[in-house]
Amino acid sequence: MASNVLRTAACEMFGIEYPILLAGMGPTAGGGRGSAATAELVAAVSNAGGLGVLGGAGFGPDALRAEVRRIRSLTDKPFGVDLLFPSNAVRLSDEGTPADPRTLIPQEYWDAIGRIKQEFGIPDVAQDRPAPRGLWRVDDQVEVLFEERVPVLASGLGNPAPFVPRAHELGMKVIALVGNTKNARRVAAAGVDLVVAQGTEAGGHTGRIGTIALVPQVVDAAAPVPVAAAGGIADGRGLAAALALGACAVWCGTVFLATHEANLYEWQKQRILNATEEDTIVTRLYSGKTMRNITNPLAQAWEASGIKALPMGLQGLLIADLVTGARAAGKDELLMNAAGQAAGMISGLRSAKEVIDEMVAGAVQVLTRDLPGGVRAAAAAESAV
Ligand SMILES: Cc1cc2nc3c(=O)[nH]c(=O)nc-3n(C[C@H](O)[C@H](O)[C@H](O)COP(=O)(O)O)c2cc1C
């Protein structure tokens, strides 16, 4: 019954039961723990009838291959891998990058970081650390996905255009996230199979437009390419609303962070559970791009300072010692804890299957029986008179 009501183009496209896609969620908490969405969560979502998507951005090629194989050992269902294709990132592995890329960062930034360290009592713990070298390129990561014939490649940032033809040759589907109609048209023209319209409510890197305004506009802009909705969707009401806006699926991150299978520290899960809808902040502190996090005094201080963030790549390098020092000093509350405004509607830890089952049941109830506000019931009563 449920599967009939919720059977959409996304179910056909990916060979899944429900139009619920796990957002590919990458490293969090200063990279201390790796990606938020690793094999356990990916497989749990796929096994429960959705599409599990690995947050692959933080994996080097060898680790990525191993994680893909780990997913395959946990499920025989379809799944995807999410990578980042930012256009204006400083790639520290590029030819011509100095041996110590930290020399690319102007002194005034180091002075500002020094002042922040002092203000927050963050110790210097990493001064002798060798300069970061040998970072992989996204091309190497994509090559692994091609070799492993991963069913779905998702692009979380930028345009995956150069990789679409090969992906299609190999029978893979391609998903691309966008936050406005301009980028929706761009990725649709590149031939992606599904566009994700991600509203500003979303956790992680996010844009400026709210989900309810964005989704129908992206549906129109990307047509005939189908669209999934993201940002603030955490229960059956959100799923039903997304379908009403013209989406054929939802791409959910925050709601899956509060699950047993999510690869977060327990304190991160607790902070999400304790958060209200007011408790997130959009900051460039952690990556150089606008990212929604559970708020903390460090992110607030950075935003108040007026310091202009560096491009992606360099910003991470700038704050590396800050993050390492905060972790070493046990100041976990200052670390990155990406999550969206939907955190306020999550009240307890569940399994990924429980999240999906409850979302499906809630959406079916809205779509087949009473709307939460009772509008359909009232209309039915009126017409019965
Ligand atoms: C902890 C965290 C990490 C994220 N990392 C990524 C990422 O690496 N790639 C990506 O495409 N999106 C990433 N996102 C954004 C999600 O893909 C998704 O768009 C968002 O979570 C949807 O909104 P919601 O959080 O309200 O469900 C991340 C989100 C969170 C909360």
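Before going into details, it helps to say that this report is about the structure given with it. Everything numeric in this text was worked out from a predicted model, so none of it was measured. (Residues numbered from 1 in each chain as written. Predicted model: local features only at pLDDT ≥ 70, side-chain atom pairs only at ≥ 80, totals over all residues. Heavy atoms only, no water.)

1. Focus: the pattern of salt bridges
Heads up, the condition is: Criterion for a salt bridge: a side-chain nitrogen of Lys or Arg within 4 Å of a carboxyl oxygen of Asp or Glu. By the criteria applied, helices consist of DSSP H or I runs no shorter than four residues and strands consist of E runs no shorter than two, each listed in order from the N terminus. In this scheme, a residue with accessible area under 20% of its type's maximum is buried, one over 50% is exposed, and one in between is partly exposed, where area comes from a 1.4 Å probe on protein chains only.
This structure, assessed with the given rule, holds 12 salt bridges. As a salt-bridge pair, Arg-65 and Glu-148 come within 3.1 Å of each other at their nearest N and O atoms. Pair noted here: Arg-65 is in helix H4 (residues 61-74) and Glu-148 is in the loop between helix H6 (138-147) and strand E4 (152-158), with a separation of 83 residues, a long-range link. Exposure remark for Glu-148: the relative accessible area of 12% places this residue in the buried category. With a shortest N-O distance of 2.7 Å, Asp-235 and Arg-237 are connected by a salt bridge. Through salt bridges with shared partners, a single ionic network connects Arg-65, Arg-69, Glu-147 and Glu-148.

2. Observations regarding the sheet that holds strand E3 (residues 79-85)
For clarity, the threshold we go by: Whether two strands pair comes down to DSSP finding at least two bridges between them. Axis geometry follows a simple rule: fit a line to the C-alpha atoms, using only the stretch in contact for helices, then measure angles between N-to-C directions, giving values from 0 to 180 degrees. Pairs of residues are marked as contacts when any of their non-hydrogen atoms sit within 4.5 Å.
Spatially, eight strands are ordered E1-E9-E8-E6-E5-E4-E3-E2 in an open sheet, and the strand pairing comes out parallel. Single-partner strands in this sheet number two, and they are strand E1 (20-22) and strand E2 (52-55). Strand-to-strand, the axes of this sheet are offset by a mean angle of 30°, without reference to chain direction. Relative to E4, E3 is paired through six bridges, and the arrangement is parallel. By the bridge assignment for E4, Asp-82 is matched with Ala-154. Relative to strand E5 (residues 173-178), helix H8 (residues 181-189) is tilted by about 165°, and along the sheet it contacts E4, E5 and strand E6 (194-198). Lying over the sheet, helix H9 (residues 211-222) contacts E5, E6 and strand E8 (227-230), oriented at roughly 155° with respect to E6.

3. Considerations on the pairing of E4
Stated precisely, the cut-off is as follows: Orient the strands so they point away from the viewer; a crossover is then right-handed if the path from the first strand over the helix to the second runs clockwise.
The element E4 is largely enclosed, with a buried count of six among its seven residues. Looking at chain direction, E4 and E5 are connected through four bridges and run parallel. When the bridges of E5 are listed, Val-152 appears paired with Lys-173. Crossover connection from E4 via helix H7 (residues 164-169) to parallel E5: handedness right-handed.

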